[in-house]
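# Close look at the chain arrangement
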Amino acid sequence: QVQLVESGGGSVQSGESLRLSCEASSVTHSAFCIGWFRQTPGKEREGVATVDSGGSTTYADAVKGRFTISRDNAKNTLYLQMNSLKPEDTAMYYCAADFTPSLIPHEDLRECGPYYNGMDTWGKGTLVTISS
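Below: a short report on this structure. The structure displayed is predicted, hence computed values, not measured ones.

### Quick notes on the pairing of strand 9 (residues 91–98)
- Buried residues dominate strand 9, accounting for seven of its eight residues.
- Bridge count between strand 4 (residues 33–39) and strand 9: seven bridges; the pairing is antiparallel. Its bridge partner lying in strand 9, Trp36 is registered against Cys95.
- Across three bridges, the pairing between strand 9 and strand 11 (residues 126–131) is antiparallel. Within the sheet, the bridge partner assigned to Met92 lies in strand 11 and is Leu127.
- In the sheet, strand 9 pairs with strand 10 (residues 121–122) via two bridges, with the strands oriented antiparallel. By the bridge assignment, Ala97 is partnered in strand 10 with Thr121.

### Description of the packing of aromatic side chains
- Applying the stated criterion to the full structure yields two aromatic pairs.
- Seen from their ring centres, Phe32 and Tyr116 are 5.8 Å apart, and the 65° between their planes marks the pair as edge-to-face. Note that Phe32 is positioned in the loop between strand 3 (18–25) and strand 4 and Tyr116 in the loop between strand 9 and strand 10, a separation of 84 residues in sequence.
- On the basis of relative accessibility, which here comes to 14%, the residue Tyr116 falls in the buried class.

### A look at the layout of surface pockets
- Within this model, the largest pocket holds a volume of roughly 340 Å³.
- Lining the largest pocket are 21 residues, and of these Ala31, Ile34, Asn73, Asn76 and Phe99 lie nearest its centre.
- Of all the elements in the fold, those that place two or more residues in the lining of the largest pocket are strand 3, strand 4, strand 7 (67–72), strand 8 (77–82) and strand 9.
- Ranked by residue count, the leading element in the lining of the largest pocket is strand 9, at three residues.
- Of the residues contributing to the lining of the largest pocket, the split by class is eleven nonpolar, seven polar and three charged.

### Here's the deal with the side chain of Asp89
- Residue placement: Asp89 occurs in the loop between strand 8 and strand 9.
- Residue Asp89 is classed as buried on the basis of its relative accessible area of 1%.
- A polar contact of 2.8 Å, which involves the side chain of Asp89, links it to the backbone nitrogen of Lys86.

### Let's talk about the state of the cysteines
- Enumeration according to the criterion identifies two disulfides in this entry.
- Residue Cys22 pairs covalently with Cys95 via a disulfide, S to S 2.0 Å. Taking the torsion about the sulfur-sulfur bond, which here is approximately 55°, the covalent link between Cys22 and Cys95 counts as right-handed. In this pair, Cys22 sits in strand 3 while Cys95 sits in strand 9, placing the two residues 73 residues apart along the sequence.
- When its relative accessible area of 4% is taken as the criterion, Cys22 is described as buried.
- Covalent S-S linkage joins Cys33 and Cys112, the inter-sulfur distance amounting to 2.0 Å. What sets the handedness of the Cys33 and Cys112 disulfide is the S-S torsion sign, and at about 65° it is right-handed.

Rules and cut-offs
- Residues numbered from 1 in each chain as written.
- Predicted model: local features only at pLDDT ≥ 70, side-chain atom pairs only at ≥ 80, totals over all residues.
- Heavy atoms only, no water.
- Buried < 20%, exposed > 50% of the residue type's maximum accessible area, 1.4 Å probe, protein only.
- Helix = DSSP H or I, 4+ residues; strand = E, 2+ residues; numbered from the N terminus.
- Pairing = 2+ DSSP bridges.
- Phe/Tyr/Trp six-rings, centres within 6.5 Å; stacked < 30°, edge-to-face > 60°.
- 1 Å grid on protein atoms, 1.4 Å probe; cavity = no way out; pocket = protein on both sides within 12 Å on 5 of 7 lines; lining within 4 Å.
- Points joined across faces, edges and corners; volume = space filled by probe spheres on them.
- Nonpolar A, V, L, I, M, F, W, Y, C, P; charged D, E, K, R; others polar.
- Polar contact = N/O pair within 3.5 Å; in protein donor to acceptor, adjacent residues only side chain to side chain.
- Disulfide = S-S within 2.5 Å.

This is the structure in structure tokens:
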């Protein structure tokens, strides 16, 4: 089964940048949707950014213009470039993916995005702390 491992988290000051990585192992087929989510104590996970199987990206309003999601299929790695970081970006960041194939060949009615709740594979997270 696919396993996801995040890395790249750390502690930086407001305005600085970080790049998170998520390496996938035992990949047998492309994911319908892959992305980044984050969670702070006392709050539920929220979607940050996603990319679908066709390469289309979607971002949460809070990170638009500052974060960029990308992937390297050859390396089975997902990235999240985070620029102009703010204290409110402090959270545990998780990568996740939906590896379930479409039930209908050549047709998929699912919508990949920060609010998609069909992810079936999750990493353990990497902590990002932004100080003012």
